[in-house]
Amino acid sequence: MTGNADATAVLARRDAWVTGWDDRGQARFLKDIGADLIRGHARLDGPRRVSVELPGGSAVALTARHAVVVCTGSRPNYPELPGLADVRPWTNREATDSPKVPGRLAIIGGGGVGVEMATAWQGPGSSVTLLARSEGLPKMEPFVGEMIARSYAEAGIDVRIGVTVEGLRRQDRTGPVTLSLAGGAELEADEVLLAIGRRPLTGDIGLQTVGLEPGSWLEVDDTCAVRAVAGDRWLYALGDVNGRALLTHQGKYQARVAGAVIAARAPDGRWTPPRGARTPPPPTAVRYRRSSSATRRPARWA
Ligand SMILES: Cc1cc2nc3c(=O)[nH]c(=O)nc-3n(C[C@H](O)[C@H](O)[C@H](O)COP(=O)(O)OP(=O)(O)OC[C@H]3O[C@@H](n4cnc5c(N)ncnc54)[C@H](O)[C@@H]3O)c2cc1C
């Protein structure tokens, strides 16, 4: 392909894929599977308890019978760089929802977010400069970063390896940004994307109420149970927040693992596997018995 993609068409297609950032479809899915959706800011409030602050300021208190699962994800890593806050850098949010294609985009960081967003914005017409301390995609084999750097150079992306950004300043509120690089060089861009790693989004989710450190990664065992929680395993952490692998498919994999484990560990004994018998009439039973395990009554026939 030569030339740039049609920016208006690309952004319209992106917006269509994410249904204009309207999550009613996902909300419907939750309703269909019988789950309650509560929109608000959730915080742990002691073992098995969660308090959700609703948009109007009121709160909903929840107590889990078996488990609480934290899936709050991650946020961009903000380095201590002079002038960074004043230039209002793009994070992954603006990099994926900006309605405008910046003329010149400087990307700080050569990990997954940095290299993917270089391709995404160079396509519809940004002039992209990618600045990285080490080779691109450092978690992969070195030849991968080298191949990407070659392909980016051919596509017109300016890849600069071994570069450290020491400071940033923006002229006026909306003018260009100047990046000061180690060694004295400067680079001008219209927007700067910060892509130098991720931090867990656990700073304000009540971790202190269960003896954990706010802002920390939630280290889990292979069942996704949080290791540091004392007593029986009731707290689980899935997806980016446990720091194991910050990838969509890994979060989904962990959700399947933890879902099965939580059901298996549910202590009330009411779970019964689907079953049937070849008798007249042929009974079948699924899901829970109406009675508790304490009464030891058999599953009711469907
Ligand atoms: C630019 C970019 C490109 C990527 N590309 C890829 C890729 O190509 N392939 C890949 O596999 N992965 C990719 N990833 C990574 C992938 O997006 C993440 O691994 C994945 O989204 C993590 O899912 P999650 O459910 O853990 O967190 P998230 O998707 O971040 O979801 C967390 C949710 O929790 C909510 N939340 C947070 N705190 C609270 C609270 N206190 N109360 C209530 N709700 C709360 C948030 O609003 C959000 O809805 C990319 C990431 C970025 C940023």
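These numbers were taken from a predicted model, which means no experiment stands behind them.

Draft legend 1. Structural detail: the nonpolar core. In this structure, Ile 107, Ile 108, Val 192 and Leu 193 are the most contacted members of the largest nonpolar core, which totals 32 residues. Listing elements by their share of this core, those giving two or more residues are strand S6 (104-108), helix H5 (112-122), strand S7 (127-132), helix H6 (142-155), strand S9 (165-170), strand S10 (177-181) and strand S12 (191-194). With 5 residues, H5 is the largest single contributor of residues to this core. Beyond its immediate sequence surroundings of up to four residues, Leu 193 is in contact with Pro 89, Trp 90, Ala 95, Leu 105, Ile 107, Ile 108 and Met 117.

Draft legend 2. Geometry of helix H1 (residues 7-17). With respect to burial, H1 is a largely exposed element, only 0 of its 11 residues being buried. Just downstream of H1, Thr 19 is the residue with a positive phi angle, here 40°.

Draft legend 3. Fine view of the sheet that holds strand S3 (residues 59-63). Strands sit in the order S1-S2-S3 across an open sheet of 3 strands; the sheet is antiparallel. Both outer strands of the open sheet, strand S1 (41-44) and S3, are each paired with one neighbouring strand and no more. In this sheet, adjacent strand axes meet at a mean angle of 20° when their direction is disregarded. Across 5 bridges, strand S2 (residues 49-53) lies against S3 in antiparallel orientation. Pairing of Val 52 across the sheet is with Val 60, part of S3.

Draft legend 4. Seen up close, the site of the ligand. Around the ligand sit 22 residues in total, of which Thr 72, Gly 73, Asn 92, Gly 239 and Leu 247 are the nearest. Counting only elements with at least two residues in the shell around the ligand, the list comes to S1, helix H4 (92-97), H5 and helix H7 (248-265). Residue contributions to the shell around the ligand peak at 4 residues, all from H5. Class assignment for the residues of the shell around the ligand results in 10 nonpolar, 10 polar and 2 charged. Two domains each donate at least three residues to the shell around the ligand, and these are domain 1 (38-74 + 199-265) and domain 2 (78-196).

Draft legend 5. Structural context of the pairing of S10. The pairing of S9 with S10 spans 5 bridges and is antiparallel. When the bridges of S10 are listed, Arg 170 appears paired with Val 177. Connecting S9 to the next strand, S10, in antiparallel fashion are 6 residues, including Asp 172 with a positive phi near 55°. Looking at chain direction, S10 and strand S11 (residues 186-189) are connected through 4 bridges and run antiparallel. Paired with Ser 180 across the bridge in S11 is Glu 186. What sits between the antiparallel neighbours S10 and S11 is a turn of 4 residues, in which Gly 183 has the positive phi angle 100°.

Draft legend 6. View of the sheet that holds S10. The antiparallel open sheet is built from 3 strands, whose spatial order is S9-S10-S11. Of all strands in the sheet, those bounded by a partner on one side alone are S9 and S11. Neighbouring strand axes in the sheet, compared pairwise and without regard to direction, differ in orientation by 20° on average.

Draft legend 7. Geometry of the pairing of S2. Relative to S2, S1 runs antiparallel, the two sharing 4 bridges. Following the sheet pairing, Leu 44 is matched in S2 by Val 50. In sequence, S1 turns back onto S2 through a hairpin of 4 residues, with Gly 46 there showing a positive phi of about 100°.

Draft legend 8. Representation of unusual backbone geometry in the model. Omega for the bond connecting Pro 280 with Pro 281 falls within 30 degrees of zero, at -10°, which places this linkage in the cis form. A positive phi angle, near 60°, is found at Trp 21, a position not held by glycine. Considering the arrangement of structural elements, one finds Trp 21 in the loop between H1 and helix H2 (24-32). Of note in this structure, Cys 224 is not a glycine but carries a positive phi near 75°.

The rules behind each value
Residues numbered from 1 in each chain as written. Predicted model: local features only at pLDDT ≥ 70, side-chain atom pairs only at ≥ 80, totals over all residues. Core = buried A, V, L, I, M, F, W, Y, C linked by C-beta atoms within 7 Å. Buried ≥ 20, exposed ≤ 12 C-beta atoms within 10 Å, placed from the backbone. Helix = DSSP H or I, 4+ residues; strand = E, 2+ residues; numbered from the N terminus. Contact = placed C-beta atoms within 7 Å. Pairing = 2+ DSSP bridges. Axes fitted to C-alpha atoms, helices over the stretch in contact; angles between N-to-C directions. Near = placed C-beta within 6 Å. Nonpolar A, V, L, I, M, F, W, Y, C, P; charged D, E, K, R; others polar. Domains from an automatic or database assignment.

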